[in-house]
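Structural overview
Now for the letters of each chain:
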Amino acid sequence: MADQFDEATRKELANFVQTEQAQAHLTSQIHMLTSMCWDKCITSSPSTRFARGEEGCLANCVERFLDTSLFMVKQIQEQRDRSQLSR
Amino acid sequence: MSSFFGSSSSGAPAPDMASRKQAFIDTYRQEMALTNAQELMNKCNEKCYAKCVTKPGSSLSGSEQTCLSHCLQRYMEAFNIVSRTYIARVQKERLSDTTA
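Residues numbered from 1 in each chain as written. Chains lettered and ligands numbered in written order. Predicted model: local features only at pLDDT ≥ 70, side-chain atom pairs only at ≥ 80, totals over all residues. Heavy atoms only, no water.

Description of helix 1 (residues 15-52) of chain B
Three or four residues apart is the spacing at which side chains of an α-helix point the same way, because the helix has 3.6 residues per turn. Taking 1.5 Å per residue as the helical rise, helix 1 of chain B with its 38 residues ought to reach 56 Å, and the 54 Å between its terminal C-alpha atoms agrees with that figure. For helix 1 of chain B, the full list of buried residues reads Met17, Lys21, Ile25, Tyr28, Leu40, Lys43, Cys44, Lys47, Cys48 and Cys52 of chain B. Residues of helix 1 of chain B that are buried in the fold lie against helix 1 (7-41) of chain A together with helix 2 (62-99) of chain B. (Helix = DSSP H or I, 4+ residues; strand = E, 2+ residues; numbered from the N terminus. Expected span 1.5 Å × (residues − 1). Buried < 20%, exposed > 50% of the residue type's maximum accessible area, 1.4 Å probe, protein only. Contact = heavy atoms within 4.5 Å.)

Description of the UniProt feature "domain: Tim10-like" (unreviewed entry) in chain A
With numbering matched to this structure, UniProt assigns "domain: Tim10-like" (unreviewed entry) to residues 15-78 of chain A. Span residues 15-78 of chain A is 81% helix and 0% strand, its end C-alpha atoms 37 Å apart. (UniProt positions renumbered as here; feature names shortened; annotations may be inferred.)

Quick look at the state of the cysteines
Residues and elements named next belong to chain A. Applying the stated rule across the entire model yields four disulfides over all chains. The disulfide partner of Cys37 is Cys61, and the gap between their sulfur atoms is 1.9 Å. Between Cys37 and Cys61 the sulfur-sulfur dihedral comes to about -80°; the bridge is accordingly left-handed. Residue Cys37 is located in helix 1, and its partner Cys61 is located in helix 2 (residues 54-85); the two are separated by 24 residues in the primary sequence. (Disulfide = S-S within 2.5 Å.)

Here we look at the pattern of salt bridges
In a structure, side chains of opposite charge can pair up when their charged atoms sit close to one another. Throughout the structure, instances matching the rule amount to 11 salt bridges over all chains. Residues Glu12 of chain A and Lys21 of chain B are paired through a salt bridge, measuring 2.6 Å at the closest nitrogen-oxygen approach. Of the two residues, Glu12 of chain A is situated in helix 1 and Lys21 of chain B in helix 1; the pairing between them involves two chains. Its relative accessible area of 41% is what places Glu12 of chain A among the partly exposed residues. With a shortest N-O distance of 2.6 Å, Arg89 of chain B and Glu63 of chain A are connected by a salt bridge. With Arg89 of chain B in helix 2 and Glu63 of chain A in helix 2, the pair connects residues from two separate chains. Through salt bridges with shared partners, a single ionic network connects Glu63, Arg64 and Asp67 of chain A together with Arg89 and Glu93 of chain B. (Salt bridge = Lys/Arg side-chain N within 4 Å of Asp/Glu carboxyl O.)

Written out as structure tokens, the structure reads:
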């Protein structure tokens, strides 16, 4: 497979694959969040449109999940800093 | 490998190589799109079965089918809302990262 391309092309394809993999990671995050937020937000039985508040809940669910992830990182950093100070 | 033998990098790659490159890119993208569609289908199945078929009978009833078809549309819509929100947030974070 690799032998059929020259060096420049291989580099180009490596870049392409890297970009696509970043995109794939993003997509898999979106699948994960859709699944999780669906369970949290969609409580009515499915009809022709979302029930009141469900759409807003989905958006909030994503935003708060990302807030949580940032918050956790900060907490862990603070804990680490504190334990280094007390040492 | 080819660089080891001193292949000249002058000039454009052979047209054959260009078309093979394009074939690689196309195949890769198709595979990704397929994986994505499969994942979405699996999730829809799982979520909508849970919501719509609460007491499995000897066949899918009319109301279960209506529910499934609504659910499918809602799940796709949910995927789009989540996608939009997530991407907007990622872009926002990146922007504040570069300015900070």
